[in-house]
Amino acid sequence: SNANTFNPRSSVRTDGKNDSYSAIVDYTASNSLYLNLTGSYLDYDSFSTGGDYNRNIRRTFATTNTNLAGVPASFQRVSGFADGNVNSFAVQDRYTRFNLSTDATMYKRWKGDHAIKIGGLYERIGNQANLGEQHPNIALSWDSTYANLNGGTNRGTYGFFTVRRIYTGGDIKETNLSLFAQDQWTMNNKLTVNYGVRIENEEIPSYKPENPGVKFGWGDKIAPRLGFAYDIKGDGKWKTYGSWGVFYDTMKLEMPRGAWGGDHWIDYVYTLDTFDWPSITCTDINGGPNCTGGKFIEQNDRRHPSNELGNSLIDPNLKPTRKQEFTLGFDRELSSVMSLSVRYAHKWWNETIDDVGVNVPGVGEVYYIANPGSGFGASPLGAQFPTVPKVLNEYDGVEIALRKRFSNRWQATTSVVLSRLYGNYGGLASSDENGRTSPNVSRYYDALYLSFDQKGREANGKLNTDRPVQFKAQGSYSFDFGTSVGLNFYARHGTLNSSTVNYQGVPVYFNGRGDLGRTPFLNQTDLNLLHDFKIKGDVKLSLQADIQNVFDQATVTQIAFAAYRDALVIPGFTGNPGGAFFQPNGFDTVALQAARLPSSGRPDPRYKLPNAYQSARSIRVMAKVSF
């Protein structure tokens, strides 16, 4: 420990506010006209309070120097040691959102009955940000070798160290407009057709005000919808239905905040040539490197703005994120309280927006904002790289459900889903990065390494969230003495797992997708108990217990899939890491890593071992008085 400089009972904390307001006005103008106006406002802010901020350089141990030759015992520390509190805090991170929507529904008769609905939405989103590391941070990598952006390596006497300051700043406003029109046309007592269209106008702002953002006009986001429902015999017991629609995503602020001047992150890398780590200091980090303790190696700008004036890396023909969905179903009423349904769904992506990145020697990661596989997003990285794959995410699923409505004190629903999720892109929440929620800035297209295996083949396959079989059963029973019991049971296939190695800061499925198989089949039972006590008049006491994972099962839900502790280095291609990875005959990850032992290329002892389990049994109780 280091009690003189580190206070674990810091008074620094994060406070915030979360205010929301809404208002709804409904007006029935006539028997055939209904009007609605809805407005809402959200104001969320988080900020650091207290006076124990660290306003100094902070040094941390990325690896330990314990028992390292040449390092006196008084300078030895374990991995994770830090010589002070974190120097990162939020002055402000405020989000505001104002929505105003209106619609009108008209009922008309013309060759059947029509329910015609038209409406629109005005949305204004704001973000004021000033947060992050307020002072330089030095990460000491003892007895380690640095893999540089040229594909080579560097090392000082004791390893290397990285200096950085990661922070976010900006004040932006985003405006979204949308209009829609739809009609529900009941042609006769058997057939109802739904059709409509939605159009949108979206402006995505730049956090660097002198640089332009992106605008999608009314003609860029046209989303038609079509559906039908047909009563086969006209008796309300046999129904088939279907629908098709186009859906566009509204851009989240993660991408413009990270790529258009909001987020700042430059790594300055030095050789580590002194054991006297407290003497290492850095000044004027935002203006460039100026540090003691080693020789400058290179800088890596991980947040290079892609919308610079005169050097914009945004595709001028950028298309919005676009998906389609087709469904077809059949319902059969078996009795007055029981029904059977079968539904098929096919969903697929047409376009996504992501940062297509490349490591530029001496500069760092530079990103094109593009649609992968087209325009700027086709082959922006150089001749040694293949064409960027187009987004591929296709889902097919069949659900069979049996439902029993509440009667004779009980109700139940059971369903089984047979499905397949295939592609190269897990979505805006990246299932290839443990569910990372950084929409439009995932690692998929950063130098393309995540999209290919070691033989240069596209890493297409079943995605990590593919579940071939899922079964659910829910039911409840109400006793005449006031107690109700609810039961929820589900069972499903485990998650897919794929071996990875880090190359140029990007995970690589060197054996392709799914080489480690699945985690075990998982099931869980949850129970809910409720009892009402009538006290007097309308006063009632309700006692409830909710038990999750009743049998306290501990099935493995995830395994460690990183095969190596050290990043992959492919020799013979100094200055050309792309040519190294995409060489004609590919490469052998296992052989390359083994050749670098013992100082590097080290296997990770956690590889293939469980690292996440089903949550333990939990019990939550509640008491409520209603009157």
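An account of the accompanying structure is given in this report.

1. Notes on a nonpolar patch on the surface
Part 1 of the reasoning: The grouping of V25, L37, F98, L100, Y122, L177, L179 and W218 at the surface amounts to a nonpolar patch, some 640 Å² of accessible area in total.
Part 2 of the reasoning: Among the secondary structure elements, those contributing two or more residues to the nonpolar patch are β4 (88-109) and β10 (167-186).
Part 3 of the reasoning: Among the secondary structure elements, F98 is positioned in strand β4.

2. Here we look at the side chain of K404
Part 1 of the reasoning: Of note, K404 is situated in strand β24 (residues 393-407).
Part 2 of the reasoning: Buried charged residue K404 carries no salt bridge. Nearest counter-charge: E333, at 14 Å.
Part 3 of the reasoning: At a separation of 3.0 Å, a polar atom in the side chain of K404 contacts the main-chain carbonyl oxygen of W410.
Part 4 of the reasoning: Setting aside its immediate chain neighbours within four residues, K404 contacts V337, M338, W410, Q411 and A412.

3. Section: the state of the cysteines
Part 1 of the reasoning: This structure, assessed with the given rule, holds 1 disulfide.
Part 2 of the reasoning: Disulfide pairing is shown between C282 and C291; the S-S distance is 2.1 Å. Disulfide C282-C291: the torsion about the S-S bond is 120 degrees, which places it as right-handed.
Part 3 of the reasoning: A relative accessible area of 6% means that C282 is categorised as buried.
Part 4 of the reasoning: Given a relative accessible area of 16%, C291 falls into the buried group.

4. Comments concerning the environment of T283
Part 1 of the reasoning: Position of T283 relative to the elements: it lies in the loop between β16 (266-272) and β17 (296-301).
Part 2 of the reasoning: A sequence separation of 226 residues divides T283 from I57, and the C-alpha atoms of the two residues are 9.4 Å apart.

5. Structural notes on the packing of aromatic side chains
Any aromatic ring pair is given by two values, namely how distant the centres are and how the planes are angled relative to each other.
Part 1 of the reasoning: Taken as a whole and judged by the stated rule, the model has 28 aromatic pairs.
Part 2 of the reasoning: Ring centres of Y477 and F479 lie 4.8 Å apart, and the angle between their planes is 70 degrees; on these two criteria the pair is classed as edge-to-face.
Part 3 of the reasoning: You can call Y477 partly exposed: its relative accessible area is 33%.
Part 4 of the reasoning: F479 gets classed as partly exposed once you look at its relative accessible area, which sits at 34%.
Part 5 of the reasoning: Aromatic ring contacts, followed pair by pair, group F61, F75, F81, W142, Y158, F275 and W277 into a single cluster.
Part 6 of the reasoning: Here the basic side chain of R77 rests over the ring of F81, its NZ or CZ set 5.1 Å away from the ring centre.

6. Topic: the pairing of strand β21 (residues 338-351)
Part 1 of the reasoning: Where strand β20 (residues 322-333) meets β21, 12 bridges bridge the pair, whose relative direction is antiparallel. Bridge pairing in β21 places R332 opposite L340.
Part 2 of the reasoning: Note: β21 against β24, 11 bridges, orientation antiparallel. Bridging across to β24, A345 finds its partner in G397.

Rules used throughout
Residues numbered from 1 in each chain as written. Predicted model: local features only at pLDDT ≥ 70, side-chain atom pairs only at ≥ 80, totals over all residues. Heavy atoms only, no water. Patch = residues over 30% accessible without salt bridge, like charges linked within 9 Å, V, L, I, M, F, W, Y side chains within 5 Å. Areas by Shrake-Rupley, 256 points an atom, 1.4 Å probe, with all protein chains shown as cover. Salt bridge = Lys/Arg side-chain N within 4 Å of Asp/Glu carboxyl O. Helix = DSSP H or I, 4+ residues; strand = E, 2+ residues; numbered from the N terminus. Buried < 20%, exposed > 50% of the residue type's maximum accessible area, 1.4 Å probe, protein only. Lys, Arg positive; Asp, Glu negative; His and termini not counted. Polar contact = N/O pair within 3.5 Å; in protein donor to acceptor, adjacent residues only side chain to side chain. Contact = heavy atoms within 4.5 Å. Disulfide = S-S within 2.5 Å. Phe/Tyr/Trp six-rings, centres within 6.5 Å; stacked < 30°, edge-to-face > 60°. Lys NZ or Arg CZ within 6 Å of the ring centre and 35° of its normal. Pairing = 2+ DSSP bridges.

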